Every structure is written in C-alpha cells, then in structure tokens.
Amino acid sequence: MKQYSPSCDQNKDPILAVIKPLLCNATSVLEIGSGTGQHCVYFAKALPHLVWQASDQAIYLESVNAWIADAQLNNTPQALELNVDVSWPVEQYDAIFSANTVHIMSWDMVISLFQGLGKTLLKDGIFILYGPFNYNGEYTSTSNANFDLWLAQQNPQSAIRDFEALNQLAKQVGLVLIKDYEMPANNRILVWQKR
Ligand SMILES: C[S@@+](CC[C@H](N)C(=O)[O-])C[C@H]1O[C@@H](n2cnc3c(N)ncnc32)[C@H](O)[C@@H]1O
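All figures in this text were calculated on a predicted structure; none of them were measured in a lab.

Calculation criteria
- Residues numbered from 1 in each chain as written.
- Predicted model: local features only at pLDDT ≥ 70, side-chain atom pairs only at ≥ 80, totals over all residues.
- Heavy atoms only, no water.
- 1 Å grid on protein atoms, 1.4 Å probe; cavity = no way out; pocket = protein on both sides within 12 Å on 5 of 7 lines; lining within 4 Å.
- Points joined across faces, edges and corners; volume = space filled by probe spheres on them.
- Helix = DSSP H or I, 4+ residues; strand = E, 2+ residues; numbered from the N terminus.
- Nonpolar A, V, L, I, M, F, W, Y, C, P; charged D, E, K, R; others polar.
- Buried < 20%, exposed > 50% of the residue type's maximum accessible area, 1.4 Å probe, protein only.
- Pairing = 2+ DSSP bridges.
- Right-handed = clockwise from strand over helix to strand, strands pointing away.
- Axes fitted to C-alpha atoms, helices over the stretch in contact; angles between N-to-C directions.
- Contact = heavy atoms within 4.5 Å.

Enquirer: I tried to follow the layout of surface pockets on my own but got confused; where do I start?
Expert: It is the rolling of a water-molecule-sized probe over the atoms that shows where space remains empty. Volume-wise, the largest pocket comes out at about 1,000 Å³. As for the largest pocket, its lining consists of 40 residues, of which Ala99, Asn100, Thr101, His103 and Ile104 are closest to the centre. Of all elements in the fold, only helix H1 (6–22), strand S1 (28–32) and helix H5 (142–154) reach the threshold of two or more residues within the lining of the largest pocket. Looking at side-chain class alone, the lining of the largest pocket contains 17 nonpolar, 21 polar and two charged residues.

Listed below in structure tokens is the structure:
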C-alpha cells in the first residue's frame, strides 16, 4: 500500500529545482532510504533521461513499489533492499541521492553509508544529501534545535549531524564537497563529488 508523507510533498519541488541541473548528464541515480516512494516517482518523471533506482530497508519496499507501480514510468525499476549496514549493490551509479536519512540513522550507520558511497559511486559521480545539518556544532535555527530534542526522544541514536563530521567521512572515501545549498525550512542540500 502507498504510504504518504506531507513533508515529501512540500520539499519535492525545491529539491527538484536544485537536483535537475546537477543530474543533467547522469544516466543512473541510486536513492538511499526512499521512504514512502514519493520522491522516486516525482523525480524520475521529471528526469526521464536517467534511471532512478529506489532503495530502502525491507519494511519500506511495499510502499515504494506501490508508488512505482502506480506511476507506470519506464525509468523506475523495482526498489532494491538496501540497508547501508548490510547490503550494497555491486553496480555503480553516476549519482546517489538521499533525503532526511542521516539524522535518523545511528552514527555507525552514517559511517557505513559513506563507506558504501565510496565504492558505489563512479569516478566524478556525485552524492546529493538533503536534510537539516549543524555547522560548527551550532543549530541553524530554533526549530532545528527542537527537532533534535524530538529525535532524541524517539531514538537516542538519532540526531542532526554536524556538517564538519560528515565532510570528514566524505574526505576519507575520496569525496570532495562541491556545493552547499540553502533550502526552505532550515534544510540544506550538500553535494560531494567522487574524485
Ligand atoms: C525520515 S525517513 C526519510 C524518507 C524519505 N527519504 C523522505 O525524504 O521522506 C528516513 C529513511 O531513512 C531510512 N534508513 C534508516 N536507517 C537506514 C539504514 N540503515 N539503511 C538504509 N536506510 C535507512 C529509513 O528506512 C527511512 O526510509
């Protein structure tokens, strides 16, 4: 059954406006943590020149595949089961996209995510990461500080991540930050390139 996330509806157009030019020459995108599946079909429809490969942990796949089946696009294969701690595809991609995932994952999972990225991105490929981030240990807004408190109540291992710590993980696997976009509602889009 298709699940629905209001925030995906709110952020899909601002995200698309940023990623469309970034992905103009890409042929394959792997999405990590596709969630409901809304982003997958919305972005794939707007970017018909590339294949959008959705993925997530097993319990999310039913909804992602229901959105894919309903949309009847020819550039959205069935979603892959991908837990960043466990299973990565052997195939490599021009780009990897992930939205609102690293504050949900434990820090160990975030480390696994970047290790997987280092292997799964083609040379010159890009990693696009959307979400809230801290800079120099500071929240960028009161609403992000409140969101972080709420996250900790849901799961003590979840937290808004420091940009600097993420960038350190990126450097360790050969990724170089090329863009940092300000987005609505105190979110950002970070873009790293594999060198
Ligand atoms: C807040 S949801 C975001 C979903 C979607 N990307 C969106 O923007 O609405 C967090 C996502 O992170 C995924 N996630 C958490 N831990 C993960 C892991 N170890 N491996 C892969 N995905 C994970 C969840 O399965 C979920 O889809």
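Enquirer: Hey, could you run me through the pairing of strand S6 (residues 121–131) in this one?
Expert: It is a general feature of regular strands that their side chains alternate between the two faces of the sheet. Within S6, eight of the eleven residues are buried, which leaves it mostly tucked inside the rest of the structure. Note that strand S5 (residues 93–99) and S6 share six bridges and pair parallel. Bridging from a neighbouring strand, Ala95 pairs with Ile126 of S6. Handedness of the β-α-β unit built from S5, helix H4 (residues 107–120) and S6 comes out right-handed.

Enquirer: In this structure, what is going on with the sheet that holds S6? I would like to understand it.
Expert: The strands that make up a sheet are held in pairs by hydrogen bonds between backbone atoms, and each pair lies either parallel or antiparallel. Taken together, the six strands give an open sheet; going across it, the order is S2-S1-S5-S6-S10-S9, and neighbouring strands pair in mixed fashion. A single partner strand is all that each edge strand has here, and the edge strands are strand S2 (51–53) and strand S9 (175–183). The sheet shows a mean angle of 20° between the axes of neighbouring strands, taken without regard to direction. Looking at chain direction, S6 and strand S10 (residues 187–194) are connected through six bridges and run antiparallel. Bridged to Tyr130 within S10 is Ile189. Strand contacts of H4: S1, S5, S6, S9 and S10, with the helix running at about 145° to S6, the strand carrying the most contacts. Sheet contacts for helix H6 (residues 163–172): S6, S9 and S10; angle to S10, the most-contacted strand, approximately 15°.

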